[in-house]
Amino acid sequence: MKASPAPLVRPLHEGDAVAFRALRGRALREDPAPFMTTYEEDEARPVEEVAARLAASSPGTGVLGAFRGPDLIGSVGFSRHAAAKARHRVLLWGMYVAPEERRHSVGRALLLQVVALLRAVDDIEQIELTVVTREEAARSLYLAVGFERQGTVRHAMKVGREYLAEDTLV
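Conventions adopted
Residues take numbers from 1 onward in each chain, read along the sequence in its written order. Where totals are concerned, whole chains, interfaces and linings use all residues; where local detail is concerned, this predicted model gives features only for residues with pLDDT of at least 70, and gives and counts side-chain atom pairs only at 80 or more. With hydrogens and water stripped out, all remaining heavy atoms of the structure feed into the side-chain values. Helix numbering and strand numbering both begin at the N terminus, where a helix is a DSSP run of H or I of at least 4 residues and a strand a DSSP run of E of at least 2. Accessible area is worked out with a 1.4 Å probe on protein chains only. A residue is then buried under 20% of its type maximum, exposed over 50%, and partly exposed in between. Both site types are read off a 1 Å grid over the protein atoms alone. A 1.4 Å probe that fits but cannot get out defines a cavity, while an open set with protein on both sides within 12 Å along at least five of seven lines defines a pocket; lining residues have an atom within 4 Å of a point. Grid points are joined across faces, edges and corners, and a volume is the space filled by probe spheres set on the points. Basically, the charged four are Asp, Glu, Lys and Arg, the nonpolar ten are Ala, Val, Leu, Ile, Met, Phe, Trp, Tyr, Cys and Pro, and anything else, Gly included, counts as polar.

A.B. asks: Please give an account of unusual backbone geometry that cites residues and values.
C.D. replies: Unlike most non-glycine residues, Arg103 shows phi in positive territory, near 70 degrees. Mapped onto the elements, Arg103 comes out in the loop between β4 (89-97) and α4 (106-119). Although it is not a glycine, His155 adopts a positive phi angle of roughly 55 degrees. Along the chain, His155 falls in strand β6 (residues 149-159). With a relative accessible area of 53%, His155 lands in the exposed category.

Below you can see the structure in the form of structure tokens.
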């Protein structure tokens, strides 16, 4: 089997809003459990709001996208804590790679790029994320690139009658 070429990973901007919204919608429809937001909540946001958020990126806050040709195939968001005492910390959110692109190092490329980008910001000292405990592939990837488990939040999310636990990784 021929290896896929590495994807292009770059920050998303307001011109990527339609593609980002479509990819995120796909994630929330096809694999909703790992995400705090529901498809319905996300779809209620106008594309103009998504574009404004992408335009407002700053050091420590934004979204990276992975592209294969013109197609957005994966993304990861990152958000710096606003409180003065927590500004040294950044939360990764919304990591998603299209299923047909998994096992082609797209997720690894996104994570390595976001970590490198955040390490280049002088006063960012800690990168955090949460992962649903049953998401073994995602957790394995995070651990493989250097994240360490800090603890578990039981009943972190409730989907219908089912509770999902999340591991916090730093």
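A.B. asks: I'd like to hear about the layout of surface pockets, residue by residue, with values.
C.D. replies: Empty space among the atoms becomes visible once a probe the size of a water molecule is rolled across them. One number sums up the size of the largest pocket: a volume of about 1200 Å³. Lining the largest pocket are 48 residues, with Phe35, Gly94, Met95, Tyr96 and Tyr142 positioned closest to its centre. For the lining of the largest pocket, the elements supplying multiple residues, two or more each, are α1 (17-30), α3 (47-55), β2 (62-68), β3 (71-80), β4, α4, β5 (126-132) and α5 (136-144). Here the element with the most residues in the lining of the largest pocket is β4; it accounts for seven residues. Its residues placed into classes, the lining of the largest pocket shows 25 nonpolar, 10 polar and 13 charged.

A.B. asks: So, empty space enclosed by the protein: which residues are in play, and what are the values?
C.D. replies: Applying the stated criterion across every chain yields a total of one cavity of 30 Å³ or more. When its volume is computed, the largest cavity comes out at roughly 40 Å³. Of all elements in the fold, only α1 and β4 reach the threshold of two or more residues within the lining of the largest cavity. Among the elements that take part in the lining of the largest cavity, α1 stands out by supplying four residues, more than any other.

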